[in-house]
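Observations on the model geometry
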Amino acid sequence: MTFQEFMAKVEARNPGEPEFIQAVKEVVETIWDVYEANPRFVKNNILERIVEPERVIIFRVPWMDDQGNVHVNRGIRVQYNSAIGPYKGGIRFHPSVNVSVLKFLGFEQIFKNSLTSLPMGGGKGGSDFDARGRSDAEIMRFCQSFMAELYRYLGPDLDVPAGDIGVGAREVGYMFGMYKKLRNEFTGVFTGKGRTWGGSLIRPEATGFGVVYFTEEMLKTRGENFKGKRVALSGFGNVAWGAAQKVTELGGKVVAISGPDGYILDEEGLNEEKINYMVELRQSNNDRVSDYADKFPNAKFFAGKRPWEVKVDVAIPCATQNELNAQDAQNLMDNGCTCVCEAANMPCTPEAIEIFFKHRILFAPGKAANAGGVATSGLEMTQNSMRLSWTREEVDEKLHAIMRNIHEACREHGTQADGWVNYVKGANIAGFMKVATAMCDQGLV
Ligand code: NDP
C-alpha cells in the first residue's frame, strides 16, 4: 500500500473528521519510511491498527442550571491505545469539542506519552459544555453528571484523566469528588489534583515550564538562549501562564499575549504582577484579554487580531488547534522570528509548518514540546502509588531532565543531512517506535 492509498482509506473510514485526518497525516507521512523498512511492523499491520482507537465512549450528560432549566451535553472519552500503559490524557470542556477533535488529541497523546519515557498509554476526553457565564454551582452539577457516567470506565490502572482547555483544578476537584463517592475509594484516578489531596507540586505550571525548557534546548543548538529575546504567546490560559513565568525568569521578554477577542502588545514585557493578573482574568470567567490594556495603560490592545504580526524572536502558540496559519507564519518570518515552539496541541496549520521548514527555523511540534504536562502527571501518579510527595525542586528537576531527553530523542531521529533538525519527524519516529514494538510484542489484541 502507498502512503496515498493508506490516507484514502483512513479518510473513507472517518468521514467529517478533519482535525483527526490532519493529525494522522502529519504523523504517518513522517514515519512512513521507517515503517516500511521494518517487516515486523508491516506484517503486524501496525499502522492500520494504531490509527483505530481501542474504544470510544459517547454518553449523555444532563444537568440543571440555577433557574431549574434542564440542559444536555455530550460526553466523550477516547481510549486510544494502551500498549505501553493505562490510557492517559486530559479532559476538555469547550463548545468546539467533538469526536474528531478528541480523536486527534487522543492520537497525538499516544506518541507524546511515549516520548516522556513513562508508562502511559494515550487517551483524551471531554464535552461540548460551554462554561462561560456559568455559576460555580452549575459547573459543579455539570462535572458531577459527567462523572456519574464516565466513572465506570476509569481506574488508576485503567484510565487516568487530567485537565485541558476549560478543565482546571476546580473541575478536576468536582469530578474526582464524584468518582470517589461512586467508587467508594480514594485512588490516583485523576492528575492535576489539589495539593492537599494527592496533587503534585509544579503540575499547574508544568506544561508551560516544559515548553520553555524545550525551547531553551533548541536555542542552545544555535548557541543562543532566552536572554533579551522578544517572545509572543497566544492564549492567557494555564499553559500560557506557565510559559510566561519561565520565559521571564530566564531573561526573555514576553511582549504579546492574546485571547479570543484580540491581542495585547506590551513593549515593557510581562512581570510578576502582570502574570498574576492573567490568572485573575481567567479565574473571573472572563474571556477578554482587552481588560489587560485598561489595567496597564502602556499596553495596547488590537481587537480581532492575532499576536503573530508582532516583531519577535520566539513565538509560542498556547491556545488551541489551527490558530496559526500560513499568513501568520509568513508574518513571523518577515519579522525575523527564528524559533516557533508549539505549546498547544497542533496550533500551526500544515501550510504554516511548511513555511517554517522552508526557512529552516527551529520549529517544535506540540507532542514533544508540551509533553512536560503529561510527564508531570506521570510523576503525580508515581507519587500517589508510593504514597509520598516530592518537593518542588525534585519535581522540577525531573521535569527538566525529561524535557532534555525528549529534545535529544528528537535530534537523534530528526537530524537531516544538512544538519537541520526536523523536530516533527524526530518526535513522531521516537514516539512511534516504542508503541509499535510493544504492539508487536503483545500479539493481535
Ligand atoms: P485553558 O483553558 O487554560 O486556556 C486556553 C486559552 O485558549 C484560553 O485563553 C482560551 O480562551 C483560548 N481558546 C480556547 N479555545 C479557543 C478557540 N477555539 N479559539 C480561540 N481561543 C481559544 O487551556 P490550557 O492552557 O490548559 O490549554 C491550552 C492548549 O495547551 C490546548 O491546546 C491544550 O490541549 C494544550 N495542552 C494543555 C496541557 C495542560 O497541562 N493544561 C498539556 C498539554 C497541552 P477561551 O476559554 O475564552 O476560549
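First things first, this report covers the structure right here in the doc. Keep in mind that what you see is a predicted model, and the values were worked out from it rather than measured. (Residues numbered from 1 in each chain as written. Predicted model: local features only at pLDDT ≥ 70, side-chain atom pairs only at ≥ 80, totals over all residues. Heavy atoms only, no water.)

Phi angles above zero are rare outside glycine, and Arg360 is one such case at about 50°. One can find Arg360 in the loop between α13 (350-358) and β12 (362-364). (Helix = DSSP H or I, 4+ residues; strand = E, 2+ residues; numbered from the N terminus.)

Pairing geometry for strand β1 (residues 55-64) and strand β2 (residues 70-81), over 10 bridges, is antiparallel. Each residue of the ladder has a partner; that of Arg60, found in β2, is Arg74. Hairpin connection from β1 to β2: 5 residues lie between these consecutive antiparallel strands, with Gly68 at a positive phi of about 90°. (Pairing = 2+ DSSP bridges.)

A separate point is the sheet that holds strand β9 (residues 300-303). In a beta sheet, neighbouring strands are held together by backbone hydrogen bonds and run either parallel or antiparallel to one another. Taken together, the 7 strands give an open sheet; going across it, the order is β9-β8-β7-β6-β10-β11-β12, and neighbouring strands pair in mixed fashion. With one partner strand each, in any of the chains shown, β9 and β12 form the two edges of the open sheet. Neighbour-to-neighbour, the strand axes of this sheet turn through a mean angle of 15°, independent of strand direction. Where strand β6 (residues 230-233) and strand β10 (residues 314-316) come together, 3 bridges link them in parallel fashion. Note that in β10 the partner of Val231 across the bridge is Val314. (Axes fitted to C-alpha atoms, helices over the stretch in contact; angles between N-to-C directions.)

This next bit is on the packing of aromatic side chains. Both the distance between ring centres and the angle between the ring planes are used here to describe each pair of aromatic rings. Counting across every chain of the model gives 27 aromatic pairs. Centre to centre, the rings of Phe93 and Phe142 are 5.1 Å apart; their planes meet at 90°, and the pair counts as edge-to-face. With Phe93 in strand β3 (residues 87-93) and Phe142 in helix α6 (residues 136-150), the pair connects residues that are 49 residues apart, well separated along the chain. Each member of the pair, Phe93 together with Phe142, is buried. (Phe/Tyr/Trp six-rings, centres within 6.5 Å; stacked < 30°, edge-to-face > 60°. Buried < 20%, exposed > 50% of the residue type's maximum accessible area, 1.4 Å probe, protein only.)

The geometry of a pair of packed helices is captured by two quantities: the angle between their axes and the separation between those axes. Closest axis-to-axis distance for the α6/helix α7 (residues 169-183) pair is 8 Å, and the angle between their directions is 45°. Judged by the angle between their axes, α6 and α7 are oblique. When the axes of α6 and α7 are compared, the crossing they make is right-handed. Facing α6, whose interface residues are Asp136, Ile139, Met140, Cys143, Gln144, Phe146, Met147 and Ala148, α7 presents Arg170, Glu171, Tyr174, Met175, Met178, Tyr179 and Leu182. The residue inventory of the contact of α6 with α7, partitioned by class, reads 11 nonpolar, 1 polar and 3 charged. (Parallel < 35°, antiparallel > 145°, perpendicular 65-115°, else oblique. Left-handed = near helix turned anticlockwise from the far one by under 90°. Contact = heavy atoms within 4.5 Å. Nonpolar A, V, L, I, M, F, W, Y, C, P; charged D, E, K, R; others polar.)

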